[in-house]
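One-letter residues, chain by chain:
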Amino acid sequence: NRKRRVSVQIVPRIYQKTAIKAAIKGLRDRLKRALVVLATGLGKTLTAAFIAKEFRAKRILFLVHNNFILEHAVNEFKLVFSEKIRMANYNGMSKEGAIEANIVFATWQTMGKSLKRWKRNHFDLIIVDEAHHSEADTYKPVLKYFTGPKLGMTATPDREDEADIRSVFGTEVIEVTLEEAIARGWLPRIEYHVITDESLDEEALQKIAAEIREGKKRF
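Residues numbered from 1 in each chain as written. Predicted model: local features only at pLDDT ≥ 70, side-chain atom pairs only at ≥ 80, totals over all residues. Heavy atoms only, no water.

Draft legend 1. The environment of I24, seen in detail. Inspection of the secondary structure assignment puts I24 in helix α1 (residues 14–28). As for I24 and R59, which are separated by 35 residues in sequence, their C-alpha atoms are 16 Å apart. Look past the residues within four positions of I24 in its chain and what remains in contact with it is I51, E54 and F55. (Helix = DSSP H or I, 4+ residues; strand = E, 2+ residues; numbered from the N terminus. Contact = heavy atoms within 4.5 Å.)

Draft legend 2. Inspection of the nonpolar core at higher detail. Ranked by internal contacts, the top residues of the largest apolar core, which has 41 residues, are V36, L42, F77, L125, I127 and L151. A total of 7 residues in this core trace back to one element, the largest contributor, which is helix α2 (residues 44–55). Apart from residues lying up to four places away in sequence, V36 is in contact with A19, A23, I51, L151, G152, M153, T154, V173 and I174. Listed in part, the 26 residues of the second largest apolar core include M111, L115, F123 and F169. (Core = buried A, V, L, I, M, F, W, Y, C linked by side-chain atoms within 4.5 Å. Buried < 20%, exposed > 50% of the residue type's maximum accessible area, 1.4 Å probe, protein only.)

Draft legend 3. Spotlight on the pairing of strand β1 (residues 33–38). The element β1 is largely enclosed, with a buried count of 5 among its 6 residues. Inspection of the sheet shows β1 paired to strand β6 (residues 150–154) by 5 bridges, in the parallel sense. Bridging from a neighbouring strand, L35 pairs with G152 of β6. As paired strands, β1 and strand β7 (residues 172–176) are joined by 4 bridges and run parallel to one another. Bridging across to β7, L35 finds its partner in E172. (Pairing = 2+ DSSP bridges.)

Draft legend 4. Broad picture of the sheet that holds β7. Spatially, the 7 strands line up as an open sheet ordered β3-β4-β2-β5-β6-β1-β7, and their pairing is parallel. Each edge of the open sheet carries a strand with a single partner, namely β3 (87–90) and β7. In this sheet, adjacent strand axes meet at a mean angle of 15° when their direction is disregarded. Of the strand pairs in this sheet, strand β2 (residues 60–64) and strand β4 (residues 103–107) are connected by 5 bridges, and their pairing is parallel. Looking at the pairing, F62 lines up with F105 of β4. (Axes fitted to C-alpha atoms, helices over the stretch in contact; angles between N-to-C directions.)

Structure below.
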């Protein structure tokens, strides 16, 4: 038996309402793109769902870089969209019903290997979670292939390798920093705990950091 979704009334917070309005304007503009920057903890995925619903796209692609985030995104979107909206996963474990679905939650890896199975204009909206990854060489082909409006969601728009995601999504239509979110009471104050360990191999850690920074490896 299929599980029924729990009916919950979700209301956007003040900053989410601002993000929705700004993103919709960008997506409907000539360049059809928007970059939303929200500090970690402010509900980027839920905000993306609000934007997608307001944009009224018939077919939506939500791109993530791992399956854990994919499942989280599905659950968040179910809080905003009705049961009538068909959702499907598109990853290494499942592709069932994706072509017919209203919202497809896909990993970059699987979509990148399957582009030719899709029409370039299949999706009316492409949402990129953790958009700061989008300039990586493994992700670019997917974004270049699909022609629909593109929405980037991230907490960290500036990459250490200086690649600029704004070339894809444009300048931020809204940015709420961690400092602002704490000051306005949207997030609790940060509590720091420091752990020291003299057994840490600093040379090995520096080598790993260099590989990530210079070799564009993910850790």
